[in-house]
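For reference, the chains in residue letters:
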There are 2 protein chains.
Amino acid sequence: MLTALAGGVGAAKFLAGLAAVVEPSKITAIVNTGDDFELHGLAISPDLDTVTYTLAGAVNPETGWGLRGETWTVMEELAARGGQAWFRLGDRDLATHLYRTQRRREGAPLSQITAELAASWDVGVRIVPMSDDPVETRVTVVGEGEIGFQDYFVGRAHSVAVTSLRFAGAERSEPAPGVLDALIGAERVIVCPSNPLVSIAPILAVPGIEEALIKRREDAVAVSPIIAGAALKGPADRMLRELGHEPSVVGVARLYAPLVGTLIVDAADAGRASEVEGEGMRCVVAPTIMSGPVEAAALARAVLAA
Amino acid sequence: MLTALAGGVGAAKFLAGLAAVVEPSKITAIVNTGDDFELHGLAISPDLDTVTYTLAGAVNPETGWGLRGETWTVMEELAARGGQAWFRLGDRDLATHLYRTQRRREGAPLSQITAELAASWDVGVRIVPMSDDPVETRVTVVGEGEIGFQDYFVGRAHSVAVTSLRFAGAERSEPAPGVLDALIGAERVIVCPSNPLVSIAPILAVPGIEEALIKRREDAVAVSPIIAGAALKGPADRMLRELGHEPSVVGVARLYAPLVGTLIVDAADAGRASEVEGEGMRCVVAPTIMSGPVEAAALARAVLAA
């Protein structure tokens, strides 16, 4: 059994690679829900959906999120009505949010709804939200104060400087059913190539998860989302710098060393392997850029071999 | 100034006819919201939308509700996800519900949202919900007990017998801003050709509205929704019978006589005019079947002349 901590696009690509080389039913993905928010009264879980759509082979390959061949009738009409169309929800994608919201109103926990959606897509990987309780990533940005994560990430195209992060509600949250068992029982724990500060940290903020991960340190492998000082996608590099971390594999190693025994870094960072090891992690060099399914599967094999 | 009490399709057609023969800004439509409900977390107001879409010239002419040229991508996908697709919401129509729900979450009252939507469609008629407070038409049906109105009307295709109706929350509701003034100040009050029991009665159940209407009895005209013992659309005839009323213009007259001075009946019911007058209403015979805009405008003229 393999258990992975996952954020959005990078994690989803990696998990698809992993599911190509390991029987999918042996994989549990524990997914960040700190990005979840409500808009138009709908419960939106961006990372859960990105992971589900990608594992279903239905994701939009251009963006890495949303659905392939999506249409935008509702958003166009919403704009015509004067509504909020800044967070683009495709027509087919909206069906997911309608489903999730209705099931929530019926009292179903997010973990159950997530399993139902995954089953409807015939996804074999077990996808579990980090918690059934609301945990909200809040971002303090220069000049504005604290705003919601999607207001930062999408509303401001993550182009404003961040001065602090907080995971509101985390202290009162519990891991979703199965999360701790999946960490404790896994042969290997994998920290996917996701933003350490806003994709992985919210998962670790749920009481009990970090403690469980620490116990599995020797069997845990992380993939650095930073390659040669930059994030392939998203603001991880800038955000690391803004929050006082080094935007490099060494900075990532400093964050993960207490929890994870091994860090996979890209060949571009081979020259910094000894510095990573100086932080107390084993360092494995492997190609980490997942240009397509072949590269994602190769990275998955490297993680399993590490 | 003209003020009309309105339900869904029949009222909307009549109001479009009225707006063709009177300056639209002189017309206020007070619309039933007892059919409003929540599905997928969305605030859905079927009668408000039918009136708005019809006055915008955007309604689906085949059904009398929903939007012309609608697409169904979201519903098809929702069905694929295993979701509730029994209440068909078109893609463009969904934008209305997203808009309304988001604005409700922002604290806007339904009356303001309704005005915003009408403005976005360039509708000149003032469309006002009967109340900004929730009033829920509940239907007790044989063999099942009490269910929601849409569960009866759409979910069971209004094919089960009704034993009672109730307007939950009405006793705690207030007329929306402007409703009482529109009734008090109107030259003529019109009760549109709508189901008396589930379209007009919920409006009258809002404290203050029936009292205001009674004072305007001599200037009030109703159009019978029953023609030769049958409803053109919907279950009004069966529902009248099931609830102990005569499904005829005479039964309608018995319901409206305390509130409305004049009843317009179709030519098909000319033979029952004296019975209507026996109930204490003036009776005017005119063609009431609105096959198209020409017939709707003619009926509007007949109401104004009555």
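Residues numbered from 1 in each chain as written. Chains lettered and ligands numbered in written order. Predicted model: local features only at pLDDT ≥ 70, side-chain atom pairs only at ≥ 80, totals over all residues.

A. Examining the sheet that holds strand 1 (residues 2–6) of chain B more closely. All names here are of chain B. Read across the open sheet, the seven strands follow the order 5-2-1-9-10-13-14; overall the sheet is parallel. Since the sheet does not close on itself, it has two edges, and those belong to strand 5 (126–129) and strand 14 (282–285), each with one partner. Between one strand and the next, the sheet's axes are offset by a mean angle of 20°, whatever the strand orientation. Sheet topology note: the strand 13 (residues 262–265)/strand 14 ladder contains four bridges and is parallel. Residue pairing in the sheet places V265 in a bridge with V285 of strand 14. Set on the sheet, helix 1 (residues 9–21) makes contact with strand 1, strand 2 (27–31) and strand 10 (220–223); between it and strand 1 the angle comes to about 165°. (Pairing = 2+ DSSP bridges. Helix = DSSP H or I, 4+ residues; strand = E, 2+ residues; numbered from the N terminus. Axes fitted to C-alpha atoms, helices over the stretch in contact; angles between N-to-C directions. Contact = placed C-beta atoms within 7 Å.)

B. Region of the structure containing the nonpolar core. Of all hydrophobic cores here, the largest spans 198 residues; its most connected members are A:L15, A:L263, B:L15 and B:L263. If near-sequence neighbours (up to four positions away) are discounted, A:L15 is found in contact with A:A4, A:A6, A:A29, A:V51, A:L55, A:V125 and A:C192. (Core = buried A, V, L, I, M, F, W, Y, C linked by C-beta atoms within 7 Å. Buried ≥ 20, exposed ≤ 12 C-beta atoms within 10 Å, placed from the backbone.)

C. Seen up close, the relation of the copies chain A and chain B. Superposition record for chain A on chain B: RMSD 0.0 Å, screw rotation 180°, translation along axis 0.0 Å. Expressed as a symmetry operation, the mapping of one chain copy onto the other fits a two-fold axis. The C-alpha atom lying nearest the rotation axis in chain A is that of A:G41; the distance is 2.9 Å. The overlap is high: 96% of the interface residues of chain A also sit at the interface in chain B, so the same surface is used on both sides. (Least-squares fit on C-alpha atoms with pLDDT ≥ 70 in both.)

D. Local environment of the interface of chain A and chain B. Each side of the interface is counted separately: chain A has 28 residues, and chain B has 27 residues. Contributions of two or more residues to the side of chain A that touches chain B are made by strand 4 (42–44), helix 3 (73–80), helix 4 (91–105) and helix 5 (110–120) of chain A. No other element matches the 10 residues that helix 4 of chain A contributes to the side of chain A that touches chain B. Here the side of chain A that touches chain B is composed, by residue class, of 11 nonpolar, 11 polar and six charged. (Nonpolar A, V, L, I, M, F, W, Y, C, P; charged D, E, K, R; others polar.)

E. Structural view of the sheet that holds strand 7 (residues 145–148) of chain B. Residue and element names in this part refer to chain B. Strands sit in the order 7-6-8 across an open sheet of three strands; the sheet is antiparallel. The sheet is open, and its two borders are formed by strand 7 and strand 8 (162–168), each paired with just one other strand. Going from strand to strand, the sheet's axes swing by 30° on average, the running direction of each strand aside. As judged from the four bridges shared by strand 6 (residues 136–141) and strand 7, these two strands associate in the antiparallel manner.

F. Geometry of the pairing of strand 13 of chain B. Residue and element names in this part refer to chain B. By the alternation rule, side chains of strand 13 split into T262 and I264 and L263 and V265, which are all buried. One ladder, built from three bridges, connects strand 10 with strand 13; its direction is parallel. Bridging across to strand 13, V221 finds its partner in T262. At this point the chain moves from strand 13, through helix 12 (residues 273–278), to the parallel strand 14, and the crossover so formed is right-handed. (Right-handed = clockwise from strand over helix to strand, strands pointing away.)

G. Spatial organisation of helix 13 (residues 293–305) of chain B. All names here are of chain B. Between its first and last C-alpha, helix 13 extends 18 Å over 13 residues, near the 18 Å set by a 1.5 Å rise per residue. Looking at helix 13, one finds that the buried residues are A296, L299, A300 and V303. Each buried residue of helix 13 sits inside an arc of 105° when the element is viewed along its axis, so together they form one side. Exposed residues on helix 13 whose side chains face more than 90 degrees from its buried face are V294 and A305. Next to the buried residues of helix 13 lie helix 1, strand 9 (188–191), strand 10 and strand 13. (Expected span 1.5 Å × (residues − 1). Arc of directions from axis to C-beta.)

H. Quick peek at the environment of A:G8. Residues and elements named next belong to chain A. With respect to the helices and strands, G8 occurs in the loop between strand 1 (2–6) and helix 1 (9–21). Residue G8 is classed as buried on the basis of its C-beta count, with 27 C-beta atoms lying within 10 Å. In this structure the C-alpha to C-alpha distance between G8 and L55, which are 47 residues apart in sequence, comes to 12 Å.

I. Focus on the domain arrangement of chain A. Residues and elements named next belong to chain A. Per the domain assignment, the segments of chain A are domain 1 (2–138 + 170–305) and domain 2 (139–168). Between the C-alpha centres of domain 1 and domain 2 the distance comes to 19 Å. Listed per partner, the contact involves 19 residues of domain 1 and 14 residues of domain 2. Elements with a minimum of two residues in the side of domain 1 that touches domain 2: strand 6 (136–141), helix 8 (196–204) and helix 10 (236–242). Grouping the amino acids of the side of domain 1 that touches domain 2 by side-chain chemistry returns 12 nonpolar, three polar and four charged. (Domains from an automatic or database assignment.)

J. Focus on helix 5 (residues 110–120) of chain B. Residues and elements named next belong to chain B. Taken residue by residue, helix 5 has L110, S111, I113, T114, L117 and A118 as its buried positions. Considered in projection along helix 5, the buried side chains sweep an arc of 160° and stay on one side of the axis. Where helix 5 terminates, the next one or two residues include D122, which has phi positive at roughly 60°.

K. Just the confidence of the model for chain A, in detail. Here chain A averages 97 in pLDDT, and 100% of its residues register 70 or above. Predicted as a complex, the structure gets a pTM of 0.95 and an ipTM equal to 0.93. (pLDDT = per-residue confidence, 0-100.)

L. Quick peek at the packing of helix 3 of chain A against helix 4 (residues 91–105) of chain B. The N-to-C vectors of helix 3 of chain A and helix 4 of chain B enclose an angle of 50°; their axes lie 8 Å apart at closest approach. One way to sum up the angle between helix 3 of chain A and helix 4 of chain B is to call them oblique. Pair helix 3 of chain A / helix 4 of chain B crosses with right-handed handedness. Contact residues: A:T73, A:V74, A:E77 and A:L78 in helix 3 of chain A; B:D91, B:R92, B:L94, B:A95, B:L98 and B:Y99 in helix 4 of chain B. The residue inventory of the contact of helix 3 of chain A with helix 4 of chain B, partitioned by class, reads six nonpolar, one polar and three charged. (Parallel < 35°, antiparallel > 145°, perpendicular 65-115°, else oblique. Left-handed = near helix turned anticlockwise from the far one by under 90°.)

M. Representation of the environment of B:P61 within the structure. Residue and element names in this part refer to chain B. Turning to its location among the elements, P61 is positioned in the loop between helix 2 (46–55) and helix 3 (73–80). When the 9 C-beta atoms within 10 Å are taken as the criterion, P61 is described as exposed. Along the backbone, P61 and R103 are 42 residues apart, and their C-alpha atoms lie at a distance of 29 Å.

N. The environment of A:E144, seen in detail. Residues and elements named next belong to chain A. Looking at the secondary structure, you find E144 in the loop between strand 6 and strand 7 (145–148). Residue classification places E144 among the exposed positions, given that 12 C-beta atoms sit within 10 Å. It is 9.5 Å that separates the C-alpha atoms of E144 and V160, two residues lying 16 residues apart in sequence.

O. Seen up close, unusual backbone geometry. Residue and element names in this part refer to chain A. One non-glycine residue with positive phi stands out, namely A228, at about 50°. Along the chain, the position of A228 falls in the loop between strand 11 (226–227) and strand 12 (230–231). For A228, a count of 14 C-beta atoms within 10 Å gives the class partly exposed.

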